[in-house]
Structure formats: structure tokens, C-alpha cells
Amino acid sequence: MPKDNTGASFAELRRASLEWLREHPGTVQTILDERDSCTAEEVREWEARHGQYLPDDVKEFYFLTNGLSIKWDVVAHGREVMPLGHVAINSLQQLLPTDHSVLRNERDELRPELQECAAASGLRAFTLDHTCETGRVLLLLGKEGPNAFRRAQVWFQDGSCALSLLANTFSEYFRLLALHLGLPGWQYAYTEAGLDPTCRQWFRLIAPDRLAPSLSAASPCGSSSGGGSSGGGGGG
């Protein structure tokens, strides 16, 4: 995606998600946490502090807004308002590295799920959504050559500590996030375990048209099957 269009695409997806949620008869109290954008200097300071360059699409997101938070509620049992969805991406200040052990096995070797990333040296994981309660959403960055930095991949570590690829780029992940509306546990559509019955039921009630892309993303081929490629097209 061209750099000069990326920020506009993020803004359009955010606007479309808000509009969809606010117009849906089954949702109430959709709240966007308005945030200022990051400056180029703040991004450079982050890169210097962590010794890690950010891909262009990640930078463009932070130039648009310093993180994302859209919370929405539903009416349950005909009367009780309860929080359900949260479309969230950490602020730049919350984009912090995880312990290196998340990428290693008990023999301190790169985990088998990450073999396709093995060409990248200095592979590091950063927490992309600290509000996720069903697992860990990780932004993986690594260096492919002396002066070339790989695109960011987004992975999910589920409750069993297995890692599953969600998207090959941050832009793909953003489209997936918008598609799934921040429903709790949506990331499991891209794991071997798959969506649990509760999450499926919420999809059927709130967004049945978005359930099919999520179910088609599940693959018997393993946890690193690259769900982002199949799900990303559904968000357009």
C-alpha cells in the first residue's frame, strides 16, 4: 500500500467501523477515545529508545492517531447493558517489547511456529494490544539484512502459549481488526483451536455476515497458516 494512502485508509476503516457500530440496532454506547497524532520526532525517539525501526504503515498509523480504542456495549437479556467489543491498538508509549522467551522454546531455540521468520535476525516482539484478555497480540519486527528491515507481522499467542500468524503486515491486521469489530476472542479464528461457541454466537447475533470470513480463515494446516491473507480480503 503506498505510503501516502495508508493513513487515509486507516482513517476510512476507523470511520466505517464507527458508523457501522453506531447504526447497528443491537449495539449501544459506542465510544471512540479521541487521541492526538504522534509527531515524527516522537516516532524517531521510540525507534532510538528501542533500537528498532518501524515499518512505514505502522508509522502512518501513529501519524494519524496515537493508538486506537473503540468500545461498544450490547443489551443482554432484553434489559441489561453490558460491555462487549473493544477495537484496540496500543499507543506508541504502550508499544513495548515483550520478554524474548515468548519467541523461544524450552531449549531456547526459535519456536517452530516462527520458522518462516528465521531469515530475520534480531527478531523481537512488541505488545500491540495490552487490553486483549484472551491471549497476547504481538507485533513482530526483525532485521532481514544490513540495511533492510522486514515488514511487521502480527501474531497471536493463545491460552496454550501457541503462536498463530494473524497478518503479514500491520495494514492487513488493521483490516482484520475492523472486520471483527473487536469481539472478544476473534483472534482464535486464526488458531488451531478456532472460535469458541460464545464468540460464534456473538458473531451470529451482531455480525453474521462477518462470521463466514472468520470461519474460512481457520486452517487444519497448522497455527502458522497465515490467517491474515485469507481474512484481510474480507475487510475491504
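Preceding block: the structure.
Everything numeric here is computed off the predicted structure, so don't read it as measured data.

Reading guide: rules and limits
Residues numbered from 1 in each chain as written. Predicted model: local features only at pLDDT ≥ 70, side-chain atom pairs only at ≥ 80, totals over all residues. Heavy atoms only, no water. Core = buried A, V, L, I, M, F, W, Y, C linked by side-chain atoms within 4.5 Å. Buried < 20%, exposed > 50% of the residue type's maximum accessible area, 1.4 Å probe, protein only. Helix = DSSP H or I, 4+ residues; strand = E, 2+ residues; numbered from the N terminus. Contact = heavy atoms within 4.5 Å. Phe/Tyr/Trp six-rings, centres within 6.5 Å; stacked < 30°, edge-to-face > 60°. Lys NZ or Arg CZ within 6 Å of the ring centre and 35° of its normal.

*Asks:* Lay out the nonpolar core with the relevant residues and their values.
*Replies:* Note on soluble globular proteins: their nonpolar side chains tend to be buried together. I89, L95, L128, L139, F170 and Y173 are the most contacted members of the largest nonpolar core, which totals 52 residues. Looking at this core, the element that brings in the most residues is helix α4 (residues 170-180), giving seven residues. Residues in contact with L128, not counting those within four places in the same chain, are I89, N90, L95, V137, L139, V154, F170 and Y173. Among the nonpolar cores identified, the runner-up in size contains 10 residues, and L138, L140, W155 and L163 belong to it.

*Asks:* Give me the side chain of R111: which residues, what numbers.
*Replies:* With respect to the helices and strands, the residue R111 is situated in the loop between β3 (80-89) and β4 (121-129). By relative accessible area, which is 13% here, R111 ends up buried.

*Asks:* So what's going on with the packing of aromatic side chains? Which residues, and what values?
*Replies:* This model, assessed by the stated rule, comprises 11 aromatic pairs. Relative to Y62, the ring of F61 lies with its centre 5.1 Å away and its plane at 75 degrees, an arrangement referred to as edge-to-face. Summarising the burial analysis for this pair, F61 and Y62 share the class buried. Relative to F174, the ring of F61 has its centre 5.7 Å away and its plane inclined at 55 degrees; by these criteria the two rings are tilted. Taken together, the residues F61 in helix α3 (residues 56-64) and F174 in helix α4 connect sequence positions 113 residues apart. Each member of the pair F61 and F174 is classed as buried. In this structure, R210 is placed above the aromatic ring of W20, and the distance from its NZ or CZ to the ring centre is 4.7 Å.

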